Structure formats: C-alpha cells, structure tokens
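# A structural walkthrough
What follows is the residue order along each chain.
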Amino acid sequence: MPRRVSRRTILKRTAAIGAVATVPARVFAQASSAREPYTHFTADEARTLEAIVARLIPSDEHGPGALEAAAARFIDSSLGDALAASREIYRAGLAGIDNYARRAHGLRFADLDESAQDSVLEAFDRGVADENADATAYPPDAREFFELVLQHTIQGTFCDPYYGGNRDFIGWEMLGYPGLRLAVSADDQAMNAQPSPTNISAYDLPMFDADEDDAP
Amino acid sequence: MTVTRAKTDVVVVGLGGAGGVAVQPLTDSGLEVVGLEAGTWLGPRDFAPDELRNNYRGWPQAAQKANREIPVHRPNASAPDSPRGSVHPMMNGVGGTTLHYWAQSWRLNPWNFSIVSETTRRYGASRLPRGSTIEDWPFGYDELEPFYDIVERAVGVSGQAGNVNGVIDERGNIFEGPRARPYPMPPLRGSEFTELMGNAAGRLGWHPFPGPAAVNSEQYDNRSPCLYHGFCNRGGCHVSAKNSTAVSTIPAAQATGNLEIVTEAHVTRVLVDAEGRASGVEYLRNGQTYVQPADVVLLGCYVYENVRLMLMSTSAAYTDGIANNNGQVGRHYLSHNQRAGVLALFPHELNRWYGLPAQGVAIDEWADDNFDHSDLDFIGGGNLWVYSDQRPIAAASMPTFGRAPRWGSAWKSFVMENAGRWVNSYLQKTTLPYEDNYLDLHPTVKDPLGFPVCRITADYKDNEKRVADYIQDKMVEWFMEAGAIETIRQPVGTMGVTTHAYGGTRMGDDAETNVVDRYGFCHEVPNLGVVGASVMGTSGSHNPTLTAQALAWRTAAHLVENWSTIVS
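Here the structure is a predicted model, which is why all the values come from computation and not from measurement.

## Describing the overall build of chain B
Assigned secondary structure in chain B consists of twelve helices and 22 strands. In terms of overall size, chain B behaves like a compact globule, its C-alpha atoms giving a radius of gyration of 23 Å where 568 residues would be expected to give roughly 24 Å. Seen through its C-alpha atoms, chain B measures out along the principal axes to roughly 70 × 55 × 50 Å. The burial tally for chain B puts 58% of its 568 residues in the buried class.

## Considerations on the overall build of chain A
Looking only at helices and strands, chain A has eight helices and zero strands in total. In sequence order, chain A lays out its α and β elements as α-α-α-α-α-α-α-α. Taking all 216 residues of chain A together, the buried fraction comes to 41%.

## A few points about the confidence of the model for chain B
Looking at chain B, the pLDDT average stands at 97 and 100% of residues meet or exceed 70. The complex model carries a pTM of 0.94, and its ipTM stands at 0.94.

## Regarding helix H7 (residues 142-158) of chain A
Residue and element names in this part refer to chain A. The end-to-end C-alpha separation of H7 is 24 Å, in line with the 24 Å expected for 17 residues at 1.5 Å each. Of all 17 residues in H7, twelve are buried, a share of seventy percent or more. Buried within H7 are the following residues: Ala142, Phe145, Phe146, Val149, Leu150, His152, Thr153, Ile154, Gln155, Gly156, Thr157 and Phe158.

## Some remarks on the nonpolar core
Of all hydrophobic cores here, the largest spans 215 residues; its most connected members are A:Val53, B:Ala22 and B:Val297. Sort the elements by how many residues they give to this core and helix H11 (residues 545-561) of chain B lands first, with eight residues.

## Some remarks on unusual backbone geometry
Cis peptide bonds are those with omega within 30 degrees of zero, and the linkage from B:Trp59 to B:Pro60 qualifies with -10°. Mapped onto the fold, B:Pro60 is located in the loop between helix H2 (51-56) and strand S4 (72-74). Its identity as a non-glycine residue notwithstanding, A:Ala70 has a phi of 70°, on the positive side. The residue A:Ala70 is located in the loop between helix H3 (43-56) and helix H4 (71-78) in this model. C-beta crowding within 10 Å serves as the criterion here: with 28 such atoms nearby, A:Ala70 is assigned to the buried category.

## Side note on the interface of chain B and chain A
With 48 residues of chain B in contact, the opposing surface of chain A contributes 46 residues. Breaking the side of chain B that touches chain A down by element, the ones donating at least two residues are H2, helix H5 (192-203), helix H8 (392-396) and helix H9 (409-418) of chain B. Considering each element in turn, the side of chain B that touches chain A owes the most residues, five residues, to H9(B). Of the residues contributing to the side of chain B that touches chain A, the split by class is 22 nonpolar, 16 polar and ten charged.

## Details of the sheet that holds strand S7 (residues 209-210) of chain B
All names here are of chain B. Across the sheet, four strands lie side by side as S7-S14-S15-S17; this open sheet has antiparallel pairing. Unpaired on one side and paired on the other, S7 and strand S17 (426-429) mark the two borders of the sheet. Against the sheet, H5 engages strand S14 (360-363) and strand S15 (382-387), with an angle of about 20° to S14. Helix H10 (residues 462-481) contacts S14, S15 and S17 of the sheet and is inclined by roughly 145° relative to S17.

## Quick notes on the packing of helix H4 (residues 141-156) of chain B against H11(B)
Residues and elements named next belong to chain B. Two elements in contact, H4 and H11, have axes whose closest approach is 8 Å; the angle formed by their N-to-C orientations is 105°. With respect to H11, the element H4 is oriented roughly perpendicular. From H4, Leu144, Phe147, Tyr148, Ile150, Val151 and Val155 reach across to H11, where they touch Leu546, Gln549, Ala550, Trp553 and Arg554. Class assignment of the residues belonging to the contact of H4 with H11 gives a composition of nine nonpolar, one polar and one charged.

## Here we look at the pairing of strand S18 (residues 438-446) of chain B
Where S18(B) meets strand S19 (residues 452-457) of chain B, five bridges bridge the pair, whose relative direction is antiparallel. Bridging across to S19(B), B:Leu439 finds its partner in B:Ile456.

## So, the environment of B:Glu135
Residue and element names in this part refer to chain B. Positionally, Glu135 belongs in the loop between helix H3 (115-123) and H4. Among the residues examined, Glu135 registers 21 C-beta atoms within 10 Å and is labelled buried. Taking the C-alpha atoms as reference, Glu135 lies 30 Å from Val157; in sequence the two are 22 residues apart. If near-sequence neighbours (up to four positions away) are discounted, Glu135 is found in contact with Val116, Gly508, Thr513 and Gly537.

## Side note on the sheet that holds strand S13 (residues 342-345) of chain B
Strands pair in a sheet through their backbones, by hydrogen bonds, and they do so in one of two ways: parallel or antiparallel. Residue and element names in this part refer to chain B. Strand order in this open sheet of three strands is S16-S13-S20, and the pairing throughout is antiparallel. At either end of the open sheet lies a strand with only one pairing partner, and these are strand S16 (422-423) and strand S20 (486-489). Examined bridge by bridge, S13 and S16 share two bridges and lie antiparallel to one another. Opposite Ala344, over in S16, you have Val423 as the bridge partner. Against the sheet, H10 makes contact with S13 and S20, and its axis sits at roughly 15° relative to S13, the strand it touches most.

## Comments concerning the environment of B:Ala274
Residue and element names in this part refer to chain B. Position of Ala274 among the secondary structure elements: in the loop between strand S9 (266-272) and strand S10 (278-285). For Ala274, a count of 8 C-beta atoms within 10 Å gives the class exposed. Sequence spacing of Ala274 and Ala316 is 42 residues, and the spatial spacing of their C-alpha atoms is 9.0 Å.

Reading guide: rules and limits
- Residues numbered from 1 in each chain as written.
- Chains lettered and ligands numbered in written order.
- Predicted model: local features only at pLDDT ≥ 70, side-chain atom pairs only at ≥ 80, totals over all residues.
- Helix = DSSP H or I, 4+ residues; strand = E, 2+ residues; numbered from the N terminus.
- Rg over C-alpha atoms; globule rule 2.2 N^0.38 Å.
- Buried ≥ 20, exposed ≤ 12 C-beta atoms within 10 Å, placed from the backbone.
- pLDDT = per-residue confidence, 0-100.
- Expected span 1.5 Å × (residues − 1).
- Core = buried A, V, L, I, M, F, W, Y, C linked by C-beta atoms within 7 Å.
- Contact = placed C-beta atoms within 7 Å.
- Nonpolar A, V, L, I, M, F, W, Y, C, P; charged D, E, K, R; others polar.
- Pairing = 2+ DSSP bridges.
- Axes fitted to C-alpha atoms, helices over the stretch in contact; angles between N-to-C directions.
- Parallel < 35°, antiparallel > 145°, perpendicular 65-115°, else oblique.

Next up, the structure:
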C-alpha cells in the first residue's frame, strides 16, 4: 500500500538529469508545489497550516524553509498513522488560530502580513491567546497546540525524506548534516571535516525494511 | 481452554539483557530451558538509520507489550500522577533493550557494594542520609569480579583497563576495582571532539579515558567491528557490532540445543503449588492461554515488570503477591540520577554527526567515593561522559542558549550556524533508596487486558540534588576548559519511568528487608529467581547493564551448582 513518493523514484528521475547536489533546492520546491489536495486537512486548514510552518522556519535570504521542505505535507500524511491521535487538536487548533487572527487583526491567519502572523504565533507560543478567549474559539491550550505544531514542523523539516518531509534534503542542508553514511572514518569525524552530502533516505538502501505500521 | 505444555527444567521470563545472559550457563550445563519473550526476533533489516522512527515514534512498533503497560509516576504519595508517556523507554524483542541501548558496559566501583560500612568508616554513620534504606550488598566487588570477567567475554566488551590485578594503567579508569584480565577488545576509536575534551581534562589534572562498551572495536566472534555510522541511540546495529544478547549469549544458548524460545508470549502470572513453591507460569499467546510448568522460574522482565508480575501473582500462600509476605516487593526502588546534564556551545564545529553514544571520553574523578567528602554535604558522586552522537531532528531541537528565539528567521540563522557546535553530556550520579520511594500496582490505571500497571512513587532527595549540583559544576568546568562559550545546566527533574531503574526485589541476606537472597532466589520461594537490576540496592555512577548481566550469570551458575537443593 504505497502512500509516499519513494525517494528512490525521485533519485532515479534526477539521475537522468544530473547529480542531485547540483540542482538548486528551489527548483525542486517549485516543481513539487503543484496543488495536490491534502488527505486529512481541508483546503482551508491546509492553507493555514502552510502559512504557520512558513513562519516557524521561514524561507529567507539564507535558503528555503519548512514549507519548501514539505513539513505541512508531512504532518498531513502522518495524521494517517503515527500522529493519528493529534487529528482533533489540529482541527481545533487551526480553527482557533484563524479565529484569533480574525479577532486580533481582522483577517484569517494566511491572509495576514508576516509581522501580524508572527504576533499571532507569539500569542500562542506564550499562551496569551487563551486569555479572554471564548471557550469554544481556541484549542484547549494555545501553548500546547503551538508546541505540537513546532515539534511536528521540526520533525517534518529534518526527518528522513521517506516520511514526505525534508523534501530535497532542505532540512539536512540547513543544518550542515552531511547525511547517512554506513561506514564513517576517523577523517569523517574530524571537527573541520565536511564530507559531501550523501542525499539518500535510509530506505534507498536495499538492506533496510520500513515498518509497515508507523503507529506506536 | 488452557493448554498445559510439557514441563521444563527452567522457564525464563524475558530474553533481554539479563534473562538473555542467564540462559547461556543454564543450557551449557544441560538444563532444558524455555525462554518466554513478549517481543519478536528482530534482525538487520529492522535496524534502519531512521531517527524519526527510532527516537520519536517508539520503534519497534511490532509486539510492544511494554508500550501497553507503561508505568505511571507520581513524585510522592500525596501528589497527583505525572503525565504519562506514550512510549516505554525499554523494548520487547529477543535481546530486549540491549538491541537499542547505548551499550555502555561498566563495572560498578567497589565502593557501591559497601556504601554503609565505607561511609561509616570514612566519615561517620551520621553522613548516611536520613530516610535512606540503603544496606551494604551481601557481598563485595571481589565476589562479582569473576562474573564480570565471564560476561565481558561472553557478550563482547571493548575498553581500556585501568587496574589489572592492582597494576594501574593511566590510559584506563584508575579508580576501577581490580580486574583479573583486560577487556577482550581494545577501546572504541575516539573522535577529534573526544580528543579535545580529553586534552582539556588532562589540563585540569583529571584522568580521561575511553568508556567500556558492548560494541566491537574489532572483529569479535565473527561479528563486524563498529562502522561508526550513528543511529545507535535507540536503534539496532545492522552489522551486529553492538553486542545485544540476541547476537551473543542467546545464540550460544540455542547452539546447545537446550533452549526453546517462545516469542510474543505475554506472561500474566507466576503459579504456585500447594506448598507455596513456584510451579511455572501462565502466559497468553495469540489469544490462547498456556501454562508452562517448570522446576524453577527465573524472572528477567526489567524492574517494573518483575515487580508487577510478582505483585499480580497472588495466591492463598501469597495474598499480597508471590514472595511478598514480608512486604518488600516494590520497596527500595531507585532510578539513576541521570538528568541534570550540562549542555555547551562552542565557537567552532564539533562534528558529532557520526559515531555512537558509547564513543566518548569519561571522567571518574568525581564518581562514587573517589574524592574526599569530609567537607561536603552529600555522599556519592557522578561519572562525566561526553560522546560523539548527534542526529538532525535532535540537533534542530537544540536550545538557543539565550542567543536566539525558538523559531522564525533569527532562530533559523542561529541553528544554521550552531547545529554542529553544541554538545550535551551524560552525567550518571549516585542515587540512594529511600523509605518513601517505591513501586506498587496502580489502583485504577490498567493495561488492555485489565491488569493494573506499575505505579512509581519516587522523587530525588537532598543528597541526589547536592550530588547533581556538584557534578554539574565539574562538567561546566570541563566544558569551559575545552573552550565552550556558553553552558546550560538542566534541571534534576523527578524519578519517572527510565532505562536505569533499580530495586523492588532487592538482594540481601536479611529476609525482613530483601526479596531475594545473595544468589538472586526469593527468600520466601526458593525456586523463584529474579535477574536484572531489580535485585540491585545501589545505582553507582555507571550504567547498570553489565552488573545486571554479571549478577544474572552468577544466579544461573548458582542454580546449576545447587540444582538438587533448589528443586527439592
């Protein structure tokens, strides 16, 4: 039951046009941003979530961010298995952020400018969005929702690309992590070593099986 | 309908770090052994270098009985329950948690066997913390040394000896108790980062050394040397360079032809006969109830499950649980004071992306009673450990040392510069047992079968907090000497569910205060043995596994030598 685009398929495709490392990440990001519907989020929810992850790890002069790494897509597909228990809090939390954005700034979150978006996220981060809240308007705990989204955005940006995030190894490149190697020499462990990025998923390696069921 | 299987000599419940060792001497002697394991066999194909799966999603997901019965913690008897995690830190599987552990394989320093008498002798009895139920072990380090020696070879441990028969070697741990022989393998390779730390320790006048590990530094028993690829922290080793019992002692036991392994066996109780002796165990497998009769029952299910299983095994002879007529099952619980770490930020790359948690450098100057406590307000100490192991999600989750916010463009710039420049430390510190730290059955929280889960009532006391402060000072000093520009001291936290739990079926000569005798057999039920750290009454400053394994081998060897007495 294939649910995810195999890295191997992508690598095979890119092998035909040249080494992955020589293709700028943005090219991939644009190529992959065709509007496929999300599985678990409505179009409105997906738009809000994409706007959130884009502010948590922004695309800027230093390179692409969480949106380009497909962190929102990662969260969407994970809600089908390992993160199934978080579906309701996402539903309530995304609605809550939009409600708060409308009340504080008159627009839905995705329609605000970046500084207004940041002020909404700060209100959730600090938990102040709970104050004076209509009990039904926000998630049960704004800070808890913010923590959840931040954690999942980090997971989706820096995980093995098998899970649909870290698209084009955007996350690993951001950190300077040179990728999976099955044998590591003393030289590779020198403090100034800069081994070239391997740009592979664990499951591109023929010796490993993925778990059939991701859910703990 | 219950299926009663053919009687066996010994049934071992749990084929992990301890039970998986005990089966080797038992089967070597010709005893017929049935090993009941809640998990499954796992092999190289299951050991992908996948951080999300291993460290965040509770790998392996298959047959994780442990995840359905995670203990519930509360800091004290009048506090509410703490939030409960969704993943048990220990795992089921043939080999148990030795499949995904860090594989640090330390001996305990001799002091830990006689803390009461040594503290009294050196500083006076008043220095023993009030409320502690600590006792000397029923024997000293010397009596366990031969079993450490056997297990280091049977499992395969690499390391640098510091004391062979009293001859000190400064390349190793000069504070260790005397060992009969060096390690069977040289230590793992260091990295340039661990050299940086080792050099800094040398400048402070300390004695840095590579820690011992159940990881092959060279080919061992036809298994590969370590390839330093990483993902060893909560991951298995696809080249079998990590010496879990699944690739060492369990196959050796199978080779005798005397070990039958039943996987996915969920043991629900220890059975007793009319005389109150253990007669076997009851277990569930694929919805079917089985009884496995045996002359001797050995429990090797880790601390929480050893205690829970005993407390659930009630009968007319043992109304409060088997071997618990003295009310000692669950008492003298402690968990290692292993939080209160120190994090550091350096002004240059450290490159800890590869390696393993066992590839590190240790300092034992401040462990146990290796330093004078006359003018201090605590006893015990801690081992300092830094190592080469970092994965991307964890790296991106780094603290920002007060230099950047937690998200946004400024965070991103900070992480891009510093993800490879920060480091944590692992500080294992003395914990003592106390009157009011204990395990019992939770009154309301049940597993899916309807059995109560284990409840932990425990918190750190003043002695542990003072040790933590002192050890953190030393770690900060070490990092600063090595060139760190910022450090963070993490909180001591509380005694939640952990991989370093001890006690609950403590070993000792006094049946009034201990569950098992000096060989690991229950005072009240002489043919029921317990292996694992639940028999240990002190933690020391080092990882528990090798000591639990040495004790398990000793228990099994005692059973072999005294078979007719124990089964009669």
